[in-house]
Amino acid sequence: MTIVAPSGPKGDLDGADSDVPMAITINRGRQDNVFRTLAITAGIVVLVIMGMVGVFLALRGAQALGVAGWGFITTQSWEPDGGNFGIAAVLVGTLLIALVAICVAIPLAIGMALFISEYARGWLKSTLVSLVDLMAAVPSVIYGLWGFFFLQGQMVPIARWISTYFGWIPLFAVDGDDPTDPLSTATVYTSSTFIAGIVVGFMVMPIISSVMREVFSQAPVGEREGAYALGATRWGMIRTVVLPFGRGGMIGGTMLGLGRAMGETIAVFMIISIVFYIQPHLLQNGASSVSSLIALRYGESTALGLSALMAAGLALFLLTLVVNFFASIVVSRSRSGASSDA
Amino acid sequence: MPSVNATKRTVLGVRPDPSVDVPESKVALRKVRRSDIYSALGSLAASLALTGLIFTTLTPFNGAIGFLVVWFVSFVVFYALLTSFDEDAQAVRDRIAGVVIRTLAAIVVGVLVFVIVFTAGKGWEVLVNANFFTQDMSDAGPLDPLIVGGIIHAVVGTLIEIAIALAIVIPLGLAVAVYLTEIPSKFSRIVRTIVEAMTALPSIVAGLFIYATLIMILTKQQSGFAAAMAIGIMMLPIIIRSADVALRLVPGTLKEASYALGSSQWSTVRYVTLPTAKSGLATSIILGTARGIGETSPVLLCAGFTAAMNWNPFEGPMISLPLAVFEFVKSPEPTMIARGFGTAVVLLGLVLVMFVIARYFGGKGPGALSKSQLKARQRHSARDLERITAANEQSTSMSSDRKAQ
């Protein structure tokens, strides 16, 4: 390989240095210049819009941030008019719901992605790919309906069982219910972080699954056949070839799902009954999330109350942005984004 | 014992005569043996029996989900045990993994089907009333029966909002996607990174942004236009990203061929890149629209709730289908909840229709043609061939005429 220094001797048509690249000047027509200007303008416009979301939320939330100071991060209650407000409770609530959601979604997503890429063939494969995409397109309000009117009733006995036998783990403890009392009410197990997390888990599952399926199906054929040639079973091949090759995509896809789970609003809002203290008991009635807080209180009449909501929105925005940013870096490293050549 | 020896002799297969055309038959790589089926069925029966025994006689367990979990676990145990009788540990692990993966996939499909069937089943009783599609809720109180009131105002609101959002998002989104693929630079990489990060923008934050800017500074009131802007901001990164992927799938050789013919960048984009990626672009727009239609929280913040029809997107609250679902089921009245489910069915139907259309367009790769398109192309090229041969013949006859002269 020849590396040509930019300050090298000028190319001489009949000399030995004729491989010095010719300087290329491009004379684009007027049409092309207009096209390029418009395209670049569109790119700038989108960048400005996206930047404005953050900037405006910060500007509007500055007043509340100034009043609350660092207490904004550590305070649990939400009484903006009394000057006593913070996002400690809602932020922890958001993370807990997202955590439950991810725990539900990951096994399902891995199972579905492996089934589509390794087990299903022919029409079944393409149908399942479409079904997963359809699952991502179902509106969140419909998952919320399903979660509130159906899943909640089914999950209460499960939640009671878990808290009875695993209540010694602080996360699964439930105050105010005596498992030995057969007449105890079930309402203490409703509207909990657990149920909201399961519903959100089903909602983010398709996103995780489609990223995973893509990286699984890109596992190199040579290594797959090598594993089979060495006598591996199908699961042995999956464990030694497909999963290690797909690790980046699995992590990235999970983080993408996490970002979506944290921002989910309406399904969570329909299920939980919002509380303004850190609720570490996943199975117990009462949960909180930043997005539900905004949906609940956006009608606040005072300027400070609105400003506080903007600050909470900014915190949610930054959180999802950071998570998703790292996720897309991980995912894009695990697959090539080059243009394909037929 | 000559008879036994005779059966043990090696018999060479007759090599087929290559001149005779024997149809090739595919070799089945995976064979299902009879013992596999027996062990699966046997462990299914055994696990069902054991679980039934546990739930009816041995313990005070109850509940459908618990039953299924215990059934599944005991099935896996029985299946592993039966398989281990005539297979090694590797094969047993393979079978268990197969069972677990298939079950997980079945759960996912089951949940999706169940969500749809549950919604449709609950909403059915509302949909049989024609007034549900022709009236709004302004005359219907919370205690009125289902023969009064409907959701036409929410349908109209959804259509107006999504139309405004699309009118802005489609040109802008496609222009940015073209920019990202056609004019790569450091700046375009920044734009792509930001857009990818913004696909996770929570819809409520998009709503809050419009609420903080458009509503609080400019219009001072909730309106359908504000909701459309919020939905648009949410849809924009989604559409840009999937359109970008669709454009990147256009084969580079096609573009190079266009440049080699001397066409400008704009005409390459206009006549080669965009038509080739047409189906992918249509899919990205339709799927983005399906996401936008289903969003509730931006409409909740920016357009507000109303029971009456509102045709004007710039003034007054304008409800959409998902928000109507949300508001209906907040009521404790059974008829209102039934209306909520009916609205949800309409919304789900709308999304399903869009999804099927998107699949119909986008099931093919870039530049791939449907059967009818293929036939049209073939007819066209047959006509071209006729035309060219005719012209050739004419020119040869002319030149032979000239020679004759």
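Residues numbered from 1 in each chain as written. Chains lettered and ligands numbered in written order. Predicted model: local features only at pLDDT ≥ 70, side-chain atom pairs only at ≥ 80, totals over all residues. Heavy atoms only, no water.

As stated in UniProt under Sequence similarities (unreviewed entry), the record for chain B gives "Belongs to the binding-protein-dependent transport system permease family. CysTW subfamily." Per UniProt, chain B carries the Subcellular location (unreviewed entry) text "Cell membrane". (UniProt positions renumbered as here; feature names shortened; annotations may be inferred.)

Checking UniProt for chain A, the heading Subcellular location (unreviewed entry) contains the comment "Cell membrane".

A.B. asks: I tried to follow the environment of Val129(A) on my own but got confused; where do I start?
C.D. replies: Residues and elements named next belong to chain A. By the element assignment, valine 129 lies in helix H4 (residues 122–137). Placed 85 residues apart in sequence, valine 129 and isoleucine 44 show a C-alpha to C-alpha distance of 35 Å. Beyond its immediate chain neighbours, meaning those up to four positions away, valine 129 contacts Ile116 and Arg213. (Helix = DSSP H or I, 4+ residues; strand = E, 2+ residues; numbered from the N terminus. Contact = heavy atoms within 4.5 Å.)

A.B. asks: Can you walk me through the domain arrangement of chain B in this structure?
C.D. replies: A common way to report how large an interface is uses the accessible area buried once the components associate. Residues and elements named next belong to chain B. Domain annotation for chain B reports domain 1 (34–125) and domain 2 (152–368). Across the contact, 7 residues belong to domain 1 and 6 residues belong to domain 2. Taken over both partners, the interface formed by domain 1 and domain 2 buries close to 550 Å², and the fraction arising from carbon and sulfur atoms is 88%. Across the domain 1-domain 2 interface, the total number found is 0 salt bridges. At the boundary of domain 1 with domain 2, the tally comes to 0 residue pairs in polar contact (both at pLDDT 80 or more). Of the residues that constitute the side of domain 1 that touches domain 2, the class distribution is 3 nonpolar, 2 polar and 2 charged. (Domains from an automatic or database assignment. Buried area = accessible area lost by both parts, 1.4 Å probe. Salt bridge = Lys/Arg side-chain N within 4 Å of Asp/Glu carboxyl O. Polar contact = N/O pair within 3.5 Å; in protein donor to acceptor, adjacent residues only side chain to side chain. Nonpolar A, V, L, I, M, F, W, Y, C, P; charged D, E, K, R; others polar.)

A.B. asks: Explain the interface of chain A and chain B to me, please; I cannot follow it from the model alone.
C.D. replies: Contacts between chain A and chain B engage 81 residues on the former and 85 residues on the latter. By the criterion of area lost to chain B, the three top residues of chain A are Phe35(A), Met50(A) and Tyr298(A), representing 9% of everything that side buries. Our count for the chain A to chain B interface comes out at 0 salt bridges. On inspection of chain A and its partner chain B, the count reaches 9 residue pairs in polar contact (both at pLDDT 80 or more). Among the residues making up the side of chain A that touches chain B, the classes are represented as 55 nonpolar, 17 polar and 9 charged.

A.B. asks: Would you mind going over helix H3 (residues 88–119) of chain A with me for this structure?
C.D. replies: Because an α-helix completes one turn every 3.6 residues, residues spaced three or four positions apart along the sequence face the same direction. All names here are of chain A. For H3, built from 32 residues, the straight-helix expectation of 46 Å at 1.5 Å per residue is met to within 8% by its first-to-last C-alpha distance of 45 Å. Along its length, H3 reaches its greatest deviation from straightness, about 30°, at alanine 105, and the proline proline 107 lies no more than four positions downstream. The buried fraction of H3 amounts to 23 of the 32 residues, a majority that puts the element mostly inside the structure. (Expected span 1.5 Å × (residues − 1). Bend = angle between axes of the 7 residues up to and from the residue. Buried < 20%, exposed > 50% of the residue type's maximum accessible area, 1.4 Å probe, protein only.)

A.B. asks: Even after reading the chapter, I still don't get the UniProt feature "transmembrane region" (unreviewed entry) in chain B, so can you show me in this structure?
C.D. replies: Residues and elements named next belong to chain B. UniProt feature "transmembrane region" (unreviewed entry): in the numbering of this structure it lies at residues 37–58, 64–84, 96–118, 151–181, 193–217, 223–240 and 340–361. Secondary structure content for residues 64–84 is 100% helix and 0% strand, while the C-alpha to C-alpha distance between its ends is 30 Å. As annotated, residues 340–361 comprises 100% helix and 0% strand, and the C-alpha atoms at either end are separated by 32 Å.

A.B. asks: Honestly, the side chain of Ser288(A) in this entry has me stumped. Any pointers?
C.D. replies: Residues and elements named next belong to chain A. Following the sequence through the fold, serine 288 ends up in the loop between helix H10 (266–271) and helix H11 (290–297). From its side chain, serine 288 meets the backbone oxygen of alanine 89 in a polar contact 3.3 Å long. Those residues in contact with serine 288 that sit more than four places away from it in its chain are Ala89, Val90, Gly93, Thr94, Ile97, Ile272, Ile274 and Val275.

A.B. asks: Just to check I follow, could you spell out the UniProt feature "domain: ABC transmembrane type-1" (unreviewed entry) in chain B for this structure?
C.D. replies: According to UniProt, the feature "domain: ABC transmembrane type-1" (unreviewed entry) maps to residues 155–358 of chain B in the numbering used here. Across residues 155–358 of chain B one finds 79% helix and 0% strand; the C-alpha atoms that close the span lie 21 Å apart.

A.B. asks: What is the right way to read the packing of helix H6 (residues 152–182) of chain B against helix H7 (residues 186–198) of chain B from this model?
C.D. replies: The geometry of a pair of packed helices is captured by two quantities: the angle between their axes and the separation between those axes. All names here are of chain B. Two elements in contact, H6 and H7, have axes whose closest approach is 9 Å; the angle formed by their N-to-C orientations is 130°. In this view, H6 runs oblique relative to H7, as classed from their interaxial angle. Note on packing geometry: the crossing formed by H6 with H7 is left-handed. Of H7, the residues touching H6 (which contributes Val176, Tyr179, Leu180 and Thr181) are Phe187, Ser188, Val191 and Arg192. Class assignment for the residues of the contact of H6 with H7 results in 5 nonpolar, 2 polar and 1 charged. (Axes fitted to C-alpha atoms, helices over the stretch in contact; angles between N-to-C directions. Parallel < 35°, antiparallel > 145°, perpendicular 65-115°, else oblique. Left-handed = near helix turned anticlockwise from the far one by under 90°.)

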